[in-house]
Every structure is written in C-alpha cells, then in structure tokens.
Amino acid sequence: MVPSLPPLRLALLGAGTVGSAVAHRLHERRQRYADALGRPLELAGVAVRDTGRDRPGIDPALLTSDAAALAARADVVVEVMGGLEPAGELIGSALRRGAQVVTANKQLIARRGPELEALAAQAGGGLHYEAAVMAAVPVLAVVREALAGDEVLGIRGVVNGSTNYVLDLVAREGVPFADAVRQAGELGYLEADPTEDLEGLDAAAKIVILARAAWGLPVALEDVAVTGISGLTDADFAGAAGRDEVLKLVATATRDDQRGVRVEVAPRSLPLQDPLAQVRGGTNILEVDAVSAGPLRLVGAGAGGEETASAVLGDVLRAARRC
Ligand SMILES: NC(=O)c1ccc[n+]([C@@H]2O[C@H](COP(=O)([O-])OP(=O)(O)OC[C@H]3O[C@@H](n4cnc5c(N)ncnc54)[C@H](OP(=O)(O)O)[C@@H]3O)[C@@H](O)[C@H]2O)c1
C-alpha cells in the first residue's frame, strides 16, 4: 500500500534508556506502522541535553537541544525525558495547541495528570501514559478500558522492581539488608538518588494513577499512606522467614465508602503461596479484583528501555490514529 496522506510528525523528547529504544523501534518498524496508520510516521527530531554525544542508531541530524521548538512542530509529542520540568511545561504547551502527547513520566502524571487531561480535553488533543505504570504490562488499558463495564473493587500489587530486587536478595540469598541495598545500587537497579524507590514514592505515584483510572476519582499523591522499605531490619526479614512468609513492598487501592478510595504503600509480610510473594527480582505483578471478572493478575517487566518502549509505542499508534 502506498500511503497517500501526509506523514505524521513525531517529536521524541529524550533519548536515554527509554527514548533510544523508542527511536530504534520506530525506525525498524516504520513500514508496519505506516501500513497500520495509512500514512508514514516520521521522526521529526530528538531532543536531548547533550547533542554532541554519539547515539548509535540515531541520525545526528535529528538531534536538538531545543525541545520546545521541536515539540511545537509535531503532531505527536513523546516525552521520555523524565523530571517534573521542563517536561510539564512542554507537555502543557503541546496539549494547549491540541497535539497528541505520549509520556512515561509517572511522577508528573501522578502530580498533574487531571490538570493535563483537562487541557487535552479542552483543546481536542490527547494524553497517553500507559508506560508510566508497570512499563510493558498494559495495566491501565485493563483497568480503564477492558473493565469499564465492570466494577473494580480493589487493586494490589508489587509495582516497584528495584525494591523487589532488594527484598528478593535478602529473602532468597540471605544477603543482609544493607548489603542488598548497596548491591542493587552497584548493579544499576536503584537510581543515583534511591529515595524514590526505597521510600515507596515510585510505587505511590503508580497506585495513584491506577486508582484514578479504576474509579475516575480525583486521587492525589498526598492521599497515599506511604511507608518505604528503608526502615526494615534484618530482624524483620528473619521474623517473616520464621513464619514461612516474605516481605514485599505492596501498593493497594481499595474502594472506600467514606473516603472514596483508600491508597497505601507499605512493606507487607505475605504467605509464600500468595501470588505477590512469588514475583522475583525486577518483575512486577498487579492483582485487580472486579465484581464480575473476579480476580485478574497481570505479571511482567515493570521497567527496562525496550519493555517501556513497547508501551510507549502502543500509545504512539493510539495517539496517531487520533490525529
Ligand atoms: N528506564 C525505565 O525502565 C523506565 C520505566 C518506566 C518509565 N520510565 C520513565 O521514562 C522516562 C525516561 O526514563 P529514562 O530511564 O529513559 O531516562 P534517562 O535514561 O535519564 O534519559 C533521559 C533523556 O532525556 C534527556 N533530557 C533530560 N532533560 C532534558 C532537557 N531538559 N532537555 C532535553 N533533553 C533532556 C536526556 O538527554 P541526555 O541524553 O543528553 O542526557 C536523556 O536523553 C522517565 O519519566 C521515567 O520515569 C522509565
């Protein structure tokens, strides 16, 4: 098929772990995507901080440090820079002019999702963020779309791979907790500033986004009762092992008649037969309980450039169909 419509222009903001995987796959799958959309999807440019760095597989002519100018001339803006700013301003501007925006930025969506969605609705654009929660695992699509005709009762999951890696190392290898945290840092499982993972803030952002998707209620990050794993001691792990249990950082959202939704992140001691107790290393799991569907479980890679790119690219196609 020879596409007859003009190409759609895609601005890629960020070419790090996720952005570089998105760029490679966009190029590799360009014919398939053009066939699916009935028009080519053209990478108009790639915004980075350092345009002088060699980026294998990305045409240097596409690189720019002017993310705002690049985003302003795109039909679909893909934000994979991370951080609250300038990502927030770039997304806001794109939405105000009716563009389609795809982002993997969980902290930004957890803090400003409803406001940005309102901007999208006002200007006729779209905001897509499947990749922000559990990367490749399509949890938002399930909760928001597949279960739209059902009633979600509750959600619980292990949604942070970094802390799960640490907890797993202690429980299965007997590594002392402090050493497991150090090892996870050395292997790149934790951010340079590990607070977001260890204090449960990453999991809190994800459960807020999930709760909003499940119930359409204005759940805020401040509503989450958060306890991270940094206060755990070797005695806590020994206690759990003695009961044939394991410690996991569990995020939960439950329908609550008084408060609307109760959202929580905390370490929990789980019996070994609990499906949440069985997830290893960086794997994520989410259990969604709905009135008619019963309990559903979604398990898979909750991080990684390639895995996150899978969700970003799914959103890119969804966004492009709305252009
Ligand atoms: N990594 C994962 O497994 C994963 C999973 C799910 C969601 N996410 C989310 O995906 C997003 C990206 O994560 P990542 O791991 O790919 O981050 P990353 O590796 O740190 O990459 C960030 C990219 O953005 C660019 N950038 C940052 N600030 C910029 C600015 N002000 N102007 C222009 N470019 C800028 C950087 O440029 P330089 O290359 O020049 O530094 C880099 O290319 C984050 O929101 C993250 O939470 C990541």
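These remarks concern the structure in this document. Just so it is clear, the model here is predicted, and its values are computed rather than measured.

Observations concerning the packing of aromatic side chains
- Going through the model one piece at a time under the given rule, you end up with two aromatic pairs.
- Centroid distance Y165 to Y189: 3.9 Å. Interplanar angle 10°. Geometry classified as stacked. Pair noted here: Y165 is in helix α7 (residues 161-173) and Y189 is in the loop between α8 (177-186) and α9 (195-198), with a separation of 24 residues, a long-range link.
- Residue Y165 is classed as buried on the basis of its relative accessible area of 14%.
- The interplanar angle of 35° and the centroid separation of 5.4 Å between the aromatic rings of F177 and F237 together place this pair among those described as tilted. Residue F177 is found in helix α8, and its partner F237 is found in helix α11 (residues 234-242); the two are separated by 60 residues along the sequence. With respect to class, F177 is no different from F237; both count as buried.

A word on unusual backbone geometry
- Here E85 and P86 are connected by a cis peptide whose omega angle stands at 5°.
- Inspection of the secondary structure puts P86 in the loop between β4 (76-79) and α4 (87-96).
- The backbone phi angle of M134 is positive, close to 60°, even though this residue is not glycine.
- As for its placement among the helices and strands, M134 is situated in the loop between β6 (126-128) and α6 (139-146).
- Residue class for M134 comes out buried when judged on its relative accessible area of 0%.
- With a phi angle near 60°, D244 is a residue other than glycine that sits in the positive phi range.
- Mapped onto the secondary structure, D244 falls in the loop between α11 and β9 (245-256).

Some thoughts on the pattern of salt bridges
- One pass over the full model with this rule turns up 18 salt bridges.
- Measuring nitrogen to oxygen at the nearest pair gives 2.5 Å for the salt bridge that ties R25 to E28. Of this pair, R25 and E28 are both found in helix α1 (residues 17-28), three residues apart, which corresponds to roughly one turn of the helix.
- By relative accessible area, which is 22% here, R25 ends up partly exposed.

A word on the site of the ligand
- Residues in contact with the ligand amount to 22 residues; listed here are only the nearest, A15, V18, D50, R55 and G304.
- Within the contact set of the ligand, an oxygen atom lies 2.9 Å away from a backbone nitrogen or oxygen of T17.
- One of the backbone nitrogen or oxygen atoms of R49 is found 3.0 Å away from an oxygen atom of the ligand.
- Relative to its unbound accessible area of 910 Å², the ligand is 78% covered by the protein chains.
- Its residues placed into classes, the shell around the ligand shows ten nonpolar, seven polar and five charged.

The rules behind these values
Residues numbered from 1 in each chain as written. Predicted model: local features only at pLDDT ≥ 70, side-chain atom pairs only at ≥ 80, totals over all residues. Heavy atoms only, no water. Phe/Tyr/Trp six-rings, centres within 6.5 Å; stacked < 30°, edge-to-face > 60°. Helix = DSSP H or I, 4+ residues; strand = E, 2+ residues; numbered from the N terminus. Buried < 20%, exposed > 50% of the residue type's maximum accessible area, 1.4 Å probe, protein only. Salt bridge = Lys/Arg side-chain N within 4 Å of Asp/Glu carboxyl O. Near = heavy atom within 4 Å. Polar contact = N/O pair within 3.5 Å; in protein donor to acceptor, adjacent residues only side chain to side chain. Areas by Shrake-Rupley, 256 points an atom, 1.4 Å probe, with all protein chains shown as cover. Nonpolar A, V, L, I, M, F, W, Y, C, P; charged D, E, K, R; others polar.

Purely geometric stuff here, so don't read any function into it on its own.
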